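# Structure assessment
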Amino acid sequence: EPEVTQTPSHQVTQMGQEVILRCVPISNHLYFYWYRQILGQKVEFLVSFYNNEISEKSEIFDDQFSVERPDGSNFTLKIRSTKLEDSAMYFCASKQGFVHSPLHFGNGTRLTVT
Amino acid sequence: AQSVTQPDIHITVSEGASLELRCNYSYGATPYLFWYVQSPGQGLQLLLKYFSGDTLVQGIKGFEAEFKRSQSSFNLRKPSVHWSDAAEYFCAVGSSGTYKYIFGTGTRLKVLA
């Protein structure tokens, strides 16, 4: 069964550094997402991406964050200058083209900012 | 405002007992409803989904859920819980009016042997 893959599984970075989290969505999916989950807390929507542009973003997704689909397979989340509070599990998800399609999640990247 | 509520933060059941996890939503448009399960250190796995038709939906691992529009609920059930069902369960809602899916705060299930 096709799956969403995320790399790396764990990223440690120093405050103020830039990080790029990478994802390979399922190949025939059209919508791409990033969510984050701070340890023990809820799964929070960050951004959705469709047709090579951001379709919706949350208030968390400020100017420090950006997303890109640089080629036909990868989908990346960049945090320009990390803060301690960015420490979380970041999940990539994708879905097919139907409005009611479910999200398919990767196993996440645990980001630790020190 | 759109919201999803899972009233139970923790639930403990004995193996073999029945299970019901509650989910209530508040949405202006017709909702699309999902249940996901998350094992420790893992991603979220889809258990089942509802968007139209029969209000009782079957999912993987023996789970089912019932959509009740009048109660704005989509509760997850399983007749007999197995020890391997211990995990965190998330209810999620989407709609035609938005790209994002909103998740509840989760219910952590503990299963006693």
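Since we're looking at a predicted model, the values are computed, not measured. (Residues numbered from 1 in each chain as written. Chains lettered and ligands numbered in written order. Predicted model: local features only at pLDDT ≥ 70, side-chain atom pairs only at ≥ 80, totals over all residues. Heavy atoms only, no water.)

A separate point is the interface of chain A and chain B. Tallying the contact residues gives 20 residues for chain A and 21 residues for chain B. Interface of chain A and chain B: buried area, both sides summed, is about 1900 Å²; carbon and sulfur atoms make up 62% of it. Our count for the contact surface shared by chain A and chain B stands at eleven residue pairs in polar contact (both at pLDDT 80 or more). When residues of the side of chain A that touches chain B are traced back to their parent elements, those giving at least two are strand 4 (31–37), strand 5 (43–50), strand 6 (53–57) and strand 9 (88–95) of chain A. With four residues, the top contributor of residues to the side of chain A that touches chain B is strand 4 of chain A. Classifying every residue of the side of chain A that touches chain B by side-chain character gives ten nonpolar, seven polar and three charged. (Contact = heavy atoms within 4.5 Å. Buried area = accessible area lost by both parts, 1.4 Å probe. Polar contact = N/O pair within 3.5 Å; in protein donor to acceptor, adjacent residues only side chain to side chain. Helix = DSSP H or I, 4+ residues; strand = E, 2+ residues; numbered from the N terminus. Nonpolar A, V, L, I, M, F, W, Y, C, P; charged D, E, K, R; others polar.)

Here we take up the packing of aromatic side chains. Counted according to the given criterion, the structure contains 22 aromatic pairs over all chains. Seen in terms of ring centroids, Phe-105 of chain A and Tyr-36 of chain B are 5.5 Å apart; in terms of plane orientation they differ by 90°. Their pairing is edge-to-face. With Phe-105 of chain A in strand 10 (residues 104–105) and Tyr-36 of chain B in strand 5 (residues 31–38), this pair bridges two chains. Residues Phe-105 of chain A and Tyr-36 of chain B agree in their burial class; the two are buried. Here the aromatic cluster, defined as three or more aromatic residues joined through ring pairs, consists of Tyr-33, Tyr-35, Phe-45, Phe-91 and Phe-105 of chain A together with Phe-34, Tyr-36, Tyr-101 and Phe-103 of chain B. (Phe/Tyr/Trp six-rings, centres within 6.5 Å; stacked < 30°, edge-to-face > 60°. Buried < 20%, exposed > 50% of the residue type's maximum accessible area, 1.4 Å probe, protein only.)

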